[in-house]
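Structure assessment
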Amino acid sequence: MRRFLLIALGMGFLLPTAVNAESIWLILVGPQSMQKILMKDMEQCIEEGEKIQERWKANLKSRKAYACVTGQ
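Each chain carries its own residue numbering, running from 1 in the written order of its sequence. With the structure being a predicted model, the display of local features is reserved for residues of pLDDT at least 70 and the display and counting of side-chain atom pairs for 80 or more, all residues being used for whole-chain, interface and lining totals. Note that water and hydrogens are dropped before the side-chain values are worked out from all heavy atoms of the structure.

Things to note about the sheet that holds strand β3 (residues 65-71)
- Pairing is antiparallel across the open sheet formed by three strands, whose spatial order is β2-β1-β3. Only two strands of the sheet have a single partner each, and these edge strands are β2 (34-39) and β3. Across the sheet, the mean angle from the axis of one strand to that of its neighbour is 25°, orientation sign disregarded.
- Pairs of strands are assigned from DSSP output, requiring at least two bridges between the strands. A run of H or I in DSSP counts as a helix once it spans at least four residues, and a run of E counts as a strand once it spans at least two, with each numbered from the N terminus. Where strand β1 (residues 23-29) lies against β3, seven bridges are found, and the strand directions are antiparallel. Of the residues in β3, the one forming a bridge with valine 29 is alanine 65. Note on geometry: axes are C-alpha line fits, over the in-contact stretch for helices, and angles between N-to-C directions span 0 to 180 degrees.

Set out below in structure tokens:
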């Protein structure tokens, strides 16, 4: 029994595992600042970026932008 357990554990360490460590970031860029916010998925990132962009349009003096990027 111990032999089987050791073989099973050893094979588990040798087999490649697929890990998805991708993260989505909302990047907000202003004239003198930059912020990054971790998002759940790309859809949420785009929704929040559009909401923020609409708020910024109300303030015509402010030239800010957003971008959604993926990271590892």
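Side note on the side chain of serine 23
- With respect to the helices and strands, the residue serine 23 is situated in strand β1.
- Burial status follows relative accessibility: with a 1.4 Å probe on protein chains alone, a residue under 20% of its type maximum counts as buried, one over 50% as exposed, and anything between as partly exposed. Of the residues examined, serine 23 reaches a relative accessible area of 16% and is grouped as buried.
- Think of a polar contact as two N or O atoms within 3.5 Å of one another; within protein, one of them needs to be a possible hydrogen donor and the other a possible acceptor, and neighboring residues in sequence only count if both atoms come from side chains. There is a polar contact of 3.0 Å between the side chain of serine 23 and the side chain of tryptophan 25.
- The criterion used for residue contact is that any of the two residues' heavy atoms lie within 4.5 Å. In this structure serine 23 touches Leu38, Val69, Thr70, Gly71 and Gln72, once residues within four positions along its chain are discounted.

Section: the packing of aromatic side chains
- Under the pairing criterion, centres of Phe, Tyr and Trp rings, with the six-membered ring standing for Trp, must be within 6.5 Å; the plane angle then separates stacked pairs below 30 degrees from edge-to-face pairs above 60, leaving the rest tilted. In this structure the tally under the stated criterion is zero aromatic pairs.
- Just above the ring of tryptophan 25 sits the side chain of lysine 36; from NZ or CZ to the centre is 4.8 Å. A positively charged side chain is recorded as over a ring if its NZ (Lys) or CZ (Arg) lies within 6 Å of the ring centre. The angle to the ring normal must also be within 35 degrees.

Let's talk about the environment of alanine 65
- Relative to the elements of secondary structure, alanine 65 occurs in strand β3.
- Overall, alanine 65 belongs to the partly exposed group, its relative accessible area being 38%.
- Separated by 16 residues in sequence, alanine 65 and glycine 49 place their C-alpha atoms 8.5 Å apart.
- The contacts of alanine 65, once residues within four sequence positions are left out, are Ile27, Leu28, Val29, Gln53 and Trp56.

Some words on the pattern of salt bridges
- Salt bridges, as used here, are contacts in which a Lys or Arg side-chain nitrogen is within 4 Å of a carboxyl oxygen on Asp or Glu. For the coordinates displayed, the defined rule picks out one salt bridge.
- With a shortest N-O distance of 3.5 Å, lysine 51 and glutamate 48 are connected by a salt bridge. One end of the pair, lysine 51, and the other, glutamate 48, are both in helix α2 (residues 42-58), three residues apart, so they sit about a helical turn from each other.

Remember, this is a structural readout, not a statement about activity or role.
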